[in-house]
Amino acid sequence: MELPGEFVRNVILACPHKGEEWLNDLPQLITYCETNWKLKMHSPYKLSFNYVAPATIINGGEVVVKLGLPEEGHHDERLALRSLNKQGIVQLVDEDPVRRILILEKIEPGQMLAEWEDDQEATKIAAKVIDRLLVPAGKHMDLPTTRNRENNLKQICEDNPGGLDPISSSVLNQALAVFAYMNRTIKEYKILHGDFHHYNVLKNGDQSWVAIDPKGLIGETEYDLIQFLLNKLPEHGKFETIQERINILTEMLTLNKERLLLWGFCHAVLSTSWTVDKQTGQYNKKFYEGIDIFKTMYENTFNRSLSEALM
């Protein structure tokens, strides 16, 4: 079974202990799916981490089969699929939790929001999706929270006391302080998508759009929009693009702009740190640029520094 080299590298990087075994088991997993659900799997979509492919059910109908990696997160995705508003998320048809298999509805025509040329219109579409997607979080939801994200950044700071190139130690610690402040001051908890961006929103029918691939997270609405703000940015005019997106989102969703910008800063630091490869020195440069964009935008908008915001 031939697999794209980048996909293989991603799997091994994400699952250094069990990734190779999982890759070797893929043909058997595919056979199991075809036998158990009486379907025929077709060539996969472009693969990044999980193995995702369309399939035709023998007695009629189409679905999408997602084979999850042997890592943490599968439980959270399952719970998110069941808990988020059904009008805004792809529907779970069936599953095998032990083998980390999800059988999902097939979204048609399935055009990604990332293919939408008009950025302002794409942002308005995203606002409508997030508005009907998120729901209040229950008291005992078994999902990670933005406090877990804070702890993740705390561990990064401890592991990199001299900074994580290109992020200085002072920026890492400032972002951690902002994360802690934001988590202390949340007033309304929602079940979040956890990875909401242009590539995880698909066109469903003529007018509707739905989200796919939720990570599952508990926090506030403003946090769930930061990854969208950092994605699909132009080579030039990133500041203006993010600013325009924020204006649209805050108006359509009645968001707290100050909190959106503060979450933007600390999450941009975290998301950049996730992409740093210490061996090659590579990192996501657009995420990194987002750090200064959110900081500058906050200070220009509220005429005070990030440090003053925490007082």
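Below is a summary of the structure that appears in this document. In this text, all values refer to a predicted model and were calculated from it rather than measured experimentally.

## A word on the overall build of the chain
Each helix and strand in the chain was counted, giving 12 helices and 11 strands. Taken along its principal axes, the extent of the C-alpha atoms in the chain is 65 × 45 × 40 Å. A fraction of 67% describes how many contacts in the chain between residues 6 or more apart in sequence connect residues 24 or more apart. Surface accessibility of the chain: about 15,600 Å² in total, with carbon and sulfur atoms responsible for 47%. In the chain, 34 side chains carry a positive charge and 44 a negative one; their mean positions are 3 Å apart.

## Section: the packing of helix H5 (residues 146-159) against helix H6 (residues 169-184)
At a minimum axis separation of 10 Å, H5 and H6 run at an interaxial angle of 160°. As far as their axial angle goes, H6 and H5 are roughly antiparallel. The two elements H5 and H6 cross, and the hand of that crossing is left-handed. On H6, the residues that touch Thr146, Arg147, Arg149, Glu150, Leu153, Lys154, Ile156 and Cys157 of H5 are Leu172, Asn173, Ala175, Leu176, Phe179, Ala180, Asn183 and Arg184.

## Focus: the pattern of salt bridges
In total, this model carries 16 salt bridges according to the counting rule given. With its nearest N and O atoms 3.4 Å apart, the salt bridge here joins Glu108 to Lys106. Across the pair Arg304 and Glu258 runs a salt bridge, and its minimum N-O distance is 2.5 Å. Here the residue Arg304 occupies a position in the loop between helix H11 (285-302) and helix H12 (306-309), and Glu258 occupies one in helix H10 (residues 257-275), the gap between them amounting to 46 residues. Judged by relative accessible area, which is 30%, Arg304 ranks as partly exposed. Connected via shared salt-bridge partners are Glu62, Lys106 and Glu108.

## With respect to the sheet that holds strand E1 (residues 39-41)
If you trace the 5 strands from one edge of the open sheet to the other, you get E1-E2-E3-E5-E4, paired in antiparallel fashion. Unpaired on one side and paired on the other, E1 and strand E4 (92-96) mark the two borders of the sheet. For this sheet the average axis-to-axis angle between neighbouring strands, irrespective of direction, equals 25°. Judged from the 4 bridges that link them, E4 and strand E5 (residues 101-105) form a sheet pairing that is antiparallel. Its bridge partner being in E5, Glu95 is matched across the sheet by Leu102.

## Side note on H11
For H11, built from 18 residues, the straight-helix expectation of 26 Å at 1.5 Å per residue is met to within 8% by its first-to-last C-alpha distance of 26 Å. Taken residue by residue, H11 has Phe287, Gly290, Ile291, Ile293, Phe294, Met297 and Tyr298 as its buried positions. If you follow the buried residues of H11, they end up packed against H6, helix H8 (226-230), helix H9 (238-253), H10 and H12. N-capping of H11 is provided by Asn284, with a side-chain oxygen placed 3.0 Å from the backbone N of Lys286. At the C-terminal side of H11, Asn303 shows a positive phi close to 55°.

## Details of the nonpolar core
The biggest cluster of nonpolar side chains holds 75 residues, and the ones touching the most others in it are Leu153, Phe196, Phe265 and Phe294. Looking at this core element by element, the count peaks at 9 residues for H10. Excluding its chain neighbours within four sequence positions, the residues that come into contact with Phe265 are Val171, Gln174, Ala175, Val178, Ile291, Phe294, Lys295 and Leu306. Counting residues in each nonpolar core, the second largest holds 22 residues, with Leu23, Ile30, Cys33 and Ala55 among its members.

## Some remarks on the packing of H9 against H10
Their axes nearest at 10 Å, the elements H9 and H10 cross at an angle of 135°. It follows from the interaxial angle that H9 and H10 lie oblique. Of the two elements, H9 crosses H10, and the hand of that crossing is right-handed. Of the residues in H10, those in contact with Ile246, Asn247 and Thr250 of H9 are Lys257, Leu260 and Leu261. Among the residues making up the contact of H9 with H10, the classes are represented as 3 nonpolar, 2 polar and 1 charged.

## Here we look at the environment of Gln155
Summarising the element assignment, Gln155 is placed in helix H5. Given a relative accessible area of 41%, Gln155 falls into the partly exposed group. Each C-alpha atom, one on Gln155 and one on Thr241, is 32 Å from the other, the two residues being 86 residues apart in sequence.

## Re the side chain of Ser271
Along the chain, Ser271 falls in helix H10. Taking the relative accessible area as the measure of exposure, Ser271 reaches 2% and is therefore buried. Filtering out sequence-adjacent residues up to four positions away, Ser271 remains in contact with Gln227, Leu230 and Phe287.

## Here we look at the pairing of E5
Taking burial as the measure, the 5 residues of E5 include 4 buried ones, the bulk of the element. Looking at chain direction, strand E3 (residues 62-67) and E5 are connected through 5 bridges and run antiparallel. Looking at E5, one finds that Val63 is bridged to Glu105. Between E4 and E5, which pair antiparallel and follow one another directly, the connecting turn spans 4 residues, one of which, Arg100, has a positive phi of 60°.

The rules behind these values
Residues numbered from 1 in each chain as written. Predicted model: local features only at pLDDT ≥ 70, side-chain atom pairs only at ≥ 80, totals over all residues. Heavy atoms only, no water. Helix = DSSP H or I, 4+ residues; strand = E, 2+ residues; numbered from the N terminus. Contact = heavy atoms within 4.5 Å. Areas by Shrake-Rupley, 256 points an atom, 1.4 Å probe, with all protein chains shown as cover. Lys, Arg positive; Asp, Glu negative; His and termini not counted. Charge placed at Lys NZ, Arg CZ, Asp CG, Glu CD. Axes fitted to C-alpha atoms, helices over the stretch in contact; angles between N-to-C directions. Parallel < 35°, antiparallel > 145°, perpendicular 65-115°, else oblique. Left-handed = near helix turned anticlockwise from the far one by under 90°. Salt bridge = Lys/Arg side-chain N within 4 Å of Asp/Glu carboxyl O. Buried < 20%, exposed > 50% of the residue type's maximum accessible area, 1.4 Å probe, protein only. Pairing = 2+ DSSP bridges. Expected span 1.5 Å × (residues − 1). Polar contact = N/O pair within 3.5 Å; in protein donor to acceptor, adjacent residues only side chain to side chain. Core = buried A, V, L, I, M, F, W, Y, C linked by side-chain atoms within 4.5 Å. Nonpolar A, V, L, I, M, F, W, Y, C, P; charged D, E, K, R; others polar.

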